[in-house]
Amino acid sequence: TFGLVPLTQRNESVLQALGADAVTTVALALDQSIRQGNDPQSIDWSRNGTLLNLIKQVSFGGRTGWVSFNQAGGRRNVSIDVIEDVSGNHTKVWHRDVQP
């Protein structure tokens, strides 16, 4: 099961979490390509869209939530909440759903 742990409980910044999810996305895309029998050294990575086509097939529970991509290569189902912490009380002060 997937459960999102608040970044503050992991002492992790949003940028660190997004970076980790980005690296994981590329690693999973390359792994899937290898499992399909492709040799990474023989792929023409300079061809427009080669890596993006692999990334579109990736989905996993990341540090920022469920990570998956639409056919245009944009991330699906992204919500951003800004939480204000005042003396240990957490209040959501802003929310936005981002749909590419």
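Each chain has its residues counted from 1, running along the sequence as written. Residues qualify for local features only when their pLDDT is at least 70, as the model is predicted, and side-chain atom pairs are given and counted only at 80 or more; totals for whole chains, interfaces and linings, by contrast, use all residues. To obtain the side-chain values, all non-hydrogen atoms of the structure were used and water was disregarded.

Draft legend 1. Layout of the nonpolar core. Core analysis: the largest hydrophobic core is formed by seven residues, namely Ala29, Leu54, Ile55, Val58, Phe60, Val67 and Phe69. With near-sequence residues (within four places) excluded, phenylalanine 69 lies in contact with Thr25, Ile55, Lys56, Val58, Gly74, Arg75 and Arg76. In this description, a nonpolar core means a group of buried Ala, Val, Leu, Ile, Met, Phe, Trp, Tyr and Cys residues linked to one another through side-chain atoms lying within 4.5 Å. Exposure is judged per residue with a 1.4 Å probe applied to protein chains only, and the accessible area is read against the type maximum: over 50% gives exposed, under 20% gives buried, and values in between give partly exposed. When checking whether two residues touch, look at their non-hydrogen atoms; a contact exists if any pair is within 4.5 Å.

Draft legend 2. Spatial organisation of the side chain of arginine 75. Secondary structure elements are defined from DSSP: runs of H or I of at least 4 residues count as helices, runs of E of at least 2 residues count as strands, and each element is numbered from the N terminus. Position of arginine 75 relative to the elements: it lies in the loop between strand 2 (65-68) and strand 3 (78-86). Under the rule applied, a polar contact is a pair of N or O atoms within 3.5 Å (in protein, one hydrogen donor and one hydrogen acceptor; residues adjacent in sequence only if both atoms are side-chain atoms). In this structure the side chain of arginine 75 is engaged in a polar contact, spanning 3.0 Å, whose partner is the side chain of threonine 64. Here the side chain of arginine 75 touches tryptophan 66 through a polar contact of 3.4 Å, landing on its backbone oxygen.

Draft legend 3. Main features of a nonpolar patch on the surface. Grouping into patches uses exposed residues only, defined as over 30% relative accessible area, and leaves out salt-bridged ones; the cut-off is 9 Å for like charges and 5 Å for nonpolar side chains (Val, Leu, Ile, Met, Phe, Trp, Tyr). Only the protein chains shown count as cover for residues, and all accessible areas are computed by the Shrake-Rupley method using a 1.4 Å probe. A pairing counts as a salt bridge when a side-chain nitrogen of Lys or Arg comes within 4 Å of a carboxyl oxygen of Asp or Glu. A cluster of nonpolar side chains, namely Ile80, Val82, Val93, Trp94 and Val98, defines an oily patch on the protein surface of about 400 Å² accessible area. Considering every element that reaches the nonpolar patch, the biggest residue donor is strand 4 (residues 89-98), with three residues. Along the chain, valine 98 turns up in strand 4. Overall, the relative accessible area of 32% leaves valine 98 in the partly exposed class.

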